[in-house]
Amino acid sequence: MSTSACSQTSLELSLPSELGYELVARDAVAAFARRLGISAERIEDLKTVLCEVCINAMEHGNSLDPGLRVEIFCQVENERLVVEVLDQGMSRYTAGATPLSIGDKVAGRGSLRGMGMLLISQLCDEAGFVPWSGPGNRFRFAFHRQPGPNLHG
Amino acid sequence: MSGETPPREPVERVIELRLPSKLGYERVAMDTASSLARRMGFQPDRVESLKTAVSEAVTNAIEHGNEHDAAMKVVVLLTARADELIVDVSDQGRKPFDQSRAIRRPIIEEVLEQDDKGGWGIWLIRELMDEVEFSTALSGGNQIRMVIHLEQ
């Protein structure tokens, strides 16, 4: 874990690019979010988004090379939980143009896959790739704090 | 060619976790370790033992090693092998671990008479894990290595 811009209340996680390990990351980040006082409902959204982003990093960024790593940085910024997921991949990937609707996909007018980015954008408060000079892709998403306990706990 | 093949290095997968030194965040390490252990096929009672041991080790690192300094990190390395899970917990502390605590077995009667009822953590970890070892981390802080074997 080389890059870090951590507040004191931060979590860093590094895992192999192997499908299945996104579930370990999911449980780690969910436990972190619970400590921050994020509601159970929002944590379910967070878990879904994190899994989608990690799978993208493993599959598209790192081409499922188990020798490469996926790194996750979580911290509190301006009362939001901000999560960044980095891969070490050789290939840049971005969301496609306008994704097909679920109706079009079910009707066979395109691949049934490729709904991950749409799902991510629907579930979290902000999401997108962060331009940076390092290798691989850097995807950032955030969940705003719900009314309730102070996030800095 | 002799036909002999060199011994193969065990295939292992490593997860690294860096936590703030604040009480309560040991739960993140517990949930991460238990998630990995379930995925590896450990039985539920062994997973519970692992969670307790990880909680004790991380709490010790927060309280004694890093002395609650939130700027310091507790590093947890989870190494999954085919037949075991290795958990390394290290702190960045300036306060070296008292090695005599690593071998001391608490005597219930004596502890009950003391004001401080703590000091059971190391003993508990030894009871719950298959292997336990104390050393100095690369950071210069304290490190505990706990190994739990996967019974097929």
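Given the structure is predicted, the values throughout are model-derived calculations rather than measurements.

Caption draft 1: Fine view of the overall build of chain A. Summing up its helical and strand segments, chain A has four helices and five strands in all. Along its sequence from the N terminus, chain A presents helices and strands in the succession β-α-α-β-β-α-α-β-β. Burial statistics for chain A: of 153 residues in total, 46% are counted as buried. Long-range pairs, those at least 24 residues apart, make up 64% of the contacts in chain A between residues at least 6 apart in sequence.

Caption draft 2: Fine view of the packing of aromatic side chains. Throughout the structure, instances matching the rule amount to three aromatic pairs over all chains. Stacked on the ring of Tyr-21 of chain A, the Lys or Arg Arg-39 of chain B has its end atom at 4.3 Å from the ring centre.

Caption draft 3: Representation of the interface of chain A and chain B in the model. Each partner contributes residues to the interface: chain A has 28 residues there, and chain B has 24 residues. Across the chain A to chain B interface the summed buried area is about 2100 Å²; carbon plus sulfur atoms make up 53%. Counting the surface chain A buries against chain B, the share from its top three residues, Gln-8, Val-24 and Arg-35 of chain A, is 27%. Our count for the chain A to chain B interface comes out at four salt bridges. Salt-bridge contacts for Arg-18 of chain B lead to Glu-12 of chain A; the nearest nitrogen and oxygen are separated by 3.8 Å. Here chain A and chain B share nine residue pairs in polar contact (both at pLDDT 80 or more) between them. Residue assignment for the side of chain A that touches chain B shows that the elements contributing at least two residues are strand S1 (10-16) and helix H1 (21-35) of chain A. For the side of chain A that touches chain B, the leading source of residues is H1 of chain A, giving nine residues. Among the residues forming the side of chain A that touches chain B, the class breakdown is 14 nonpolar, eight polar and six charged.

The rules we used
- Residues numbered from 1 in each chain as written.
- Chains lettered and ligands numbered in written order.
- Predicted model: local features only at pLDDT ≥ 70, side-chain atom pairs only at ≥ 80, totals over all residues.
- Heavy atoms only, no water.
- Helix = DSSP H or I, 4+ residues; strand = E, 2+ residues; numbered from the N terminus.
- Buried < 20%, exposed > 50% of the residue type's maximum accessible area, 1.4 Å probe, protein only.
- Contact = heavy atoms within 4.5 Å.
- Phe/Tyr/Trp six-rings, centres within 6.5 Å; stacked < 30°, edge-to-face > 60°.
- Lys NZ or Arg CZ within 6 Å of the ring centre and 35° of its normal.
- Buried area = accessible area lost by both parts, 1.4 Å probe.
- Salt bridge = Lys/Arg side-chain N within 4 Å of Asp/Glu carboxyl O.
- Polar contact = N/O pair within 3.5 Å; in protein donor to acceptor, adjacent residues only side chain to side chain.
- Nonpolar A, V, L, I, M, F, W, Y, C, P; charged D, E, K, R; others polar.

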